[in-house]
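So you can see what is in the structure, the chains are spelled out below.
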Amino acid sequence: MSGSPAPHLRRELGLFEAISANMLEMIGVGPFLTIPLILSTMSGPQAMLGWLLGAIVAICDGLVWAELGAAMPGTGGPYRYLSEAYGPRRLGRLMSFLFIWETIFLAPLSIGAGAVGFAQYTKFLWPHMAAWQGKAVAVAVCLAITFMLYRDIRSVGRLSIVLWVVVIFTALAVTAAGLLNFQVRRVFDFPPDAFVLSKQFFVGLGGATLLAMYDYGGYNNACFFAGEVRQPERVIPRSILISIALVATLYLTMNMTIIGVIPWREAMHSTFIVSDLMQRLYGSTVAQVMTGLILFTTFASLFAVLLGYSRVPYAAATDGRFFRIFGRQTKNFPYFSVAFIGISSAFASLLDLSDLITALIVIQVLVQFMAQVVAVTLIRRNRPDIHRPFQMWLYPVTSIIALAGWGFILAASGLKFILWGFALAAVGVGAYLWRARVEHEWPFERAQVEAAP
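About the cut-offs
Residues numbered from 1 in each chain as written. Predicted model: local features only at pLDDT ≥ 70, side-chain atom pairs only at ≥ 80, totals over all residues. Heavy atoms only, no water. Helix = DSSP H or I, 4+ residues; strand = E, 2+ residues; numbered from the N terminus. Rg over C-alpha atoms; globule rule 2.2 N^0.38 Å. Buried < 20%, exposed > 50% of the residue type's maximum accessible area, 1.4 Å probe, protein only. Contact = heavy atoms within 4.5 Å. Expected span 1.5 Å × (residues − 1). Bend = angle between axes of the 7 residues up to and from the residue. Phe/Tyr/Trp six-rings, centres within 6.5 Å; stacked < 30°, edge-to-face > 60°. Lys NZ or Arg CZ within 6 Å of the ring centre and 35° of its normal. Patch = residues over 30% accessible without salt bridge, like charges linked within 9 Å, V, L, I, M, F, W, Y side chains within 5 Å. Areas by Shrake-Rupley, 256 points an atom, 1.4 Å probe, with all protein chains shown as cover. Salt bridge = Lys/Arg side-chain N within 4 Å of Asp/Glu carboxyl O. Core = buried A, V, L, I, M, F, W, Y, C linked by side-chain atoms within 4.5 Å. pLDDT = per-residue confidence, 0-100.

So, the overall build of the protein chain
Each helix and strand counted, the protein chain has 19 helices and zero strands in total. Computed over C-alpha atoms, the radius of gyration of the protein chain comes to 22 Å, within 12% of the 22 Å expected from 2.2 N^0.38 for 453 residues, which places it in the range of a compact globule. Seen through its principal axes, the protein chain has C-alpha atoms that stretch 80 × 45 × 40 Å. Split into buried and exposed, the 453 residues of the protein chain put 58% on the buried side.

Structural notes on the environment of L109
Considering the arrangement of structural elements, one finds L109 in helix 5 (residues 91–125). Residue contacts for L109: discarding those within four places in its chain leaves A348, L351, L356, A359, L360 and I363.

Regarding helix 5
Between its terminal C-alpha atoms helix 5 stretches 52 Å, which fits the 51 Å expected from 35 residues at 1.5 Å a residue. Bending of helix 5 peaks at approximately 30 degrees at the position of T103. For helix 5, the buried fraction is high: 30 of the 35 residues fall into the buried class.

A closer look at unusual backbone geometry
Note: most peptide bonds trans; most residues except glycine with negative phi. The peptide bond linking Y395 to P396 adopts the cis configuration, its omega dihedral lying at 5 degrees. Among the secondary structure elements, P396 is positioned in the loop between helix 16 (353–382) and helix 17 (397–411). Its identity as a non-glycine residue notwithstanding, Q231 has a phi of 45 degrees, on the positive side. Counting through the fold element by element, Q231 comes out in the loop between helix 10 (221–224) and helix 11 (232–259). Residue Q231 is classed as partly exposed on the basis of its relative accessible area of 47%. The phi torsion at L394 lies on the positive side, around 55 degrees, for a residue other than glycine. Along the chain, L394 turns up in the loop between helix 16 and helix 17.

Quick word on the packing of aromatic side chains
Tallied over the entire structure, the rule returns 25 aromatic pairs. Positioned above the aromatic ring of Y395 is the side chain of R380, whose terminal nitrogen or guanidinium carbon lies 3.9 Å from the ring centre.

A short note on a nonpolar patch on the surface
Taken together, the side chains of L49, L52, F182, V184, F188, F190 and F195 make up a nonpolar region of the molecular surface, amounting to roughly 610 Å² of accessible area. Here V184 shows up in helix 8 (residues 184–187).

What to know about the pattern of salt bridges
On inspection of all chains with the given rule, the structure shows nine salt bridges. In this structure, R380 and E67 form a salt bridge, with 2.8 Å as the shortest nitrogen-oxygen distance. Remark: E67 occurs in helix 3 (residues 49–71) and R380 occurs in helix 16; sequence separation between them is 313 residues. Residue classification places R380 among the partly exposed positions, given a relative accessible area of 23%. Two residues, R388 and E67, come together in a salt bridge whose shortest N-O distance is 3.6 Å. With R388 in the loop between helix 16 and helix 17 and E67 in helix 3, the pair connects residues that are 321 residues apart, well separated along the chain. Look at R388 and you get partly exposed, because its relative accessible area is 21%. You can call E67 buried: its relative accessible area is 1%. Through salt bridges with shared partners, one network takes in E67, R380 and R388.

A look at helix 4 (residues 78–86)
Residues three or four positions apart in an α-helix share a direction because the helix packs 3.6 residues into each turn. Counted residue by residue, helix 4 has seven buried out of nine residues, so it is predominantly covered. Packing partners of the buried residues in helix 4 comprise helix 3, helix 5, helix 10, helix 14 (284–318) and helix 16. Where helix 4 terminates, the next one or two residues include G87, which has phi positive at roughly 105 degrees.

Topic: the nonpolar core
If you look at the biggest cluster of nonpolar residues, it comprises 161 residues, and the most contacted ones within it are I27, Y121, V174, Y216, Y219, V274 and W406. Leave out the neighbours within four places in its chain, and W406 touches V57, D61, M213, Y219, V365, F369, M370 and V373.

Structural notes on the confidence of the model for the protein chain
A low pLDDT means the predicted coordinates there should not be read in detail. Here the protein chain averages 86 in pLDDT, while 93% of its residues score no lower than 70. Below a pLDDT of 50 lies the segment residues 1–7, which in the model reaches six contacts outside its immediate sequence neighbourhood of four places, other chains included.

Focus: the environment of E266
Relative to the assigned elements, E266 resides in helix 12 (residues 264–267). Sequence separation of E266 and P36 is 230 residues, and the distance between their C-alpha atoms is 8.9 Å.

Written as structure tokens, this is what we have:
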């Protein structure tokens with residue numbers, strides 16, 4: 001590596017900006033899109049148990065992120081956590097590389113899924129939209145957010161707050177409409193044998209929880225650009241826990257009120273449930289306005305997702321741990337990383353929505369979430385040199401709950417996606433070994449030293 005100073009990003013974002021970035025990613029099209037899918041997993045309102053279980057997993061996993069994010073508040077998030085936990089000079093190099101490898105596939109899947117959801121709600125305003133036109137809309141959304149993020153972080157921070165205000169207004173408007181027309185009997189209209197503890201029940205609950213975690217996902221967004229956050233040791237934990245508390249309350253209320261208005265047998269077949277809700281209650285004009293707000297909310301969420309994920313390969317590349325091209329920056333933003341993930345997302349948006357969501361969660365669980373829960377224990381036991389200004393509550397109970405929750409979700413995802421996840425990891429190991437040999441990194445650095453005269 002050269003002796004020139006490594007490029008760096010400025011710390012310009014505070015608590016409000018961090019919370020808004022987290023919540024922007026959490027409240028995208030997900031909850032407006034997955035309510036019918038969640039109801040379908042268990043064929044009844046008992047599927048709302050998936051939301052509750054998801055909230056528990058999100059809180060416990062959020063505490064993992066809070067402790068690690070406060071202890072290592074640099075840009076890149078898990079790239080740094082996994083490296084330090086598993087040994088920065090040995091296995092940690094492989095683990096952190098695998099996370100970056102996962103990210104360049106994961107980020108396009110996440111953004112692509114949201115773009116497909118955007119196109120699906122667009123069909124309410126454009127009833128005669130053909131399938132190819134829907135794909136074109138999804139691709140255009142991915143390219144638009146890439147263009148918007150092609151700028152420095154200060155202007156991005158201001159823009160995220162404006163987007164956050166509109167997003168919160170949209171979610172609250174949907175919730176208020178449901179509460180004003182709520183009928184309790186519809187929420188408790190359970191089908192026969194709804195709570196019989198059979199294999200089918202647990203498979204359905206696992207599927208509902210997987211979808212719920214897709215919707216809760218994003219509470220960790222600030223960790224990815226922590227190198228641009230002021231007082232990160234305080235801001236990161238607070239932004240995570242506040243975001244989860246606010247969004248979990250909002251989601252649970254919104255979902256219960258929606259099925260309190262639209263009977264679940266009808267709701268589970270809807271493709272734009274919120275638009276149908278507003279049309280039923282207030283007519284087509286209000287439904288169209290609300291659909292427009294949902295589209296704006298989705299766009300804002302995808303903006304936040306690309307903001308966070310684009311910083312991960314950049315941070316690794318500037319440290320010399322990933323392909324150097326991702327470390328290119330100009331005007332205080334990582335332009336190559338933004339462009340690569342944004343354009344890849346456009347291609348991912350051509351895939352099926354359900355496959356995108358399932359693949360997204362499975363890849364995260366296999367390569368990142370479960371390894372990161374273990375990382376907390378490894379750092380506590382083996383790295384006393386790392387200062388931990390925030391320590392997760394009720395350790396190790398919360399870690400065990402998070403690990404068990406991710407395991408349950410993984411088991412419910414289906415063998416096909418699990419095998420694809422392992423295949424991606426295997427290719428990642430191969431890519432790491434190839435690069436390690438070229439760069440003379442672990443496990444090849446020892447052989448190099450021994451061979452030296």
